[in-house]
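Spelled out, the chains give:
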Amino acid sequence: SLSLNPSKEDSLLRKYIEEEDRFNLTRNQLLIENKILFMPVEGTITQGFNTKENHLAIDLAVDIGTPIKAVSDGRVLFAEWTVETGYVIIIDHGDMLTTTYKHNSSLLKNQYDFVNAGEIIALSGNHGTLTSGPHLHFELWKNGSPIDPMRFFNFK
């Protein structure tokens with residue numbers, strides 16, 4: 001009888017291709033570009049996205065208490081205080097897209113809440129042991145891989 005079980009090599013090749021695909025930004029970019037994305041906040045970039053320094057985000061200098069907005073519709077995955085990064089909120093936007101907002105002084109949404117694109121979700125702060133002044137630390141993730149938000153937003 002014919003065996004249809006994939007060989008170990010076939011399984012490894014499939015896994016490799018899937019992993020490679022995670023970093024295929026053209027495909028990921030198209031899936032992000034079909035969403036209307038709102039700026040989370042207007043601010044000056046104080047630290048850019050840099051994988052070598054393990055800074056998988058951009059930092060935007062803003063005054064404490066500045067409203068932070070959800071970049072797209074979604075559901076809150078996480079909304080908690082952390083010692084290192086103050087109040088943190090993470091939103092799942094579907095299509096394997098998530099955004100993370102750190103160093104907030106307060107959160108306006110709770111875990112499992114649904115949010116609309118452009119809705120205020122937090123107030124910026126200078127909270128957590130890893131902060132370097134009032135700012136928003138903003139991360140954009142697609143398929144479990146970090147993406148430079150500068151590809152999709154026109155920050156100063």
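Procedures and definitions
Residues numbered from 1 in each chain as written. Predicted model: local features only at pLDDT ≥ 70, side-chain atom pairs only at ≥ 80, totals over all residues. Heavy atoms only, no water. Core = buried A, V, L, I, M, F, W, Y, C linked by side-chain atoms within 4.5 Å. Buried < 20%, exposed > 50% of the residue type's maximum accessible area, 1.4 Å probe, protein only. Helix = DSSP H or I, 4+ residues; strand = E, 2+ residues; numbered from the N terminus. Contact = heavy atoms within 4.5 Å. Phe/Tyr/Trp six-rings, centres within 6.5 Å; stacked < 30°, edge-to-face > 60°.

**Q** Tell me about the nonpolar core, and please be specific about residues and values.
**A** Membership of the largest hydrophobic core comes to 23 residues, with the highest contact counts inside it found for Ile68, Ile89, Ile91, Tyr101, Ile121, Leu136 and Phe138. The set of elements that each furnish at least two residues to this core consists of strand E2 (58–61), strand E4 (74–82), strand E5 (86–92), strand E6 (97–107), strand E8 (120–124) and strand E9 (135–142). Ranked by the residues each element gives to this core, the list is headed by E9, at three residues. Leave out the neighbours within four places in its chain, and isoleucine 121 touches Ile68, Lys69, Ala70, Ile89, Ile91, Tyr101, Leu107, Leu108, Lys109 and Val115.

**Q** Can you break down the packing of aromatic side chains residue by residue, with the values?
**A** As enumerated under the stated definition, the model contains three aromatic pairs in all. Summarising the aromatic geometry, the rings of phenylalanine 138 and phenylalanine 153 are spaced 5.7 Å apart at their centres and angled 85° between planes, so their arrangement reads as edge-to-face. Pair noted here: phenylalanine 138 is in strand E9 and phenylalanine 153 is in the segment after strand E10 (145–147), with a separation of 15 residues, a long-range link. Classification of phenylalanine 153 as buried rests on a relative accessible area of 3%. Through successive ring pairs, a cluster of aromatic residues spans Tyr101, Phe138 and Phe153.

**Q** Could you give an account of unusual backbone geometry, naming the residues involved and the relevant values?
**A** The phi torsion at methionine 96 lies on the positive side, around 60°, for a residue other than glycine. Looking at where methionine 96 falls in the secondary structure, it is placed in the loop between E5 and E6. Even without glycine at this site, tyrosine 112 takes up a positive phi of about 80°. Along the chain, the position of tyrosine 112 falls in the loop between E6 and strand E7 (114–115). You can call tyrosine 112 exposed: its relative accessible area is 53%.

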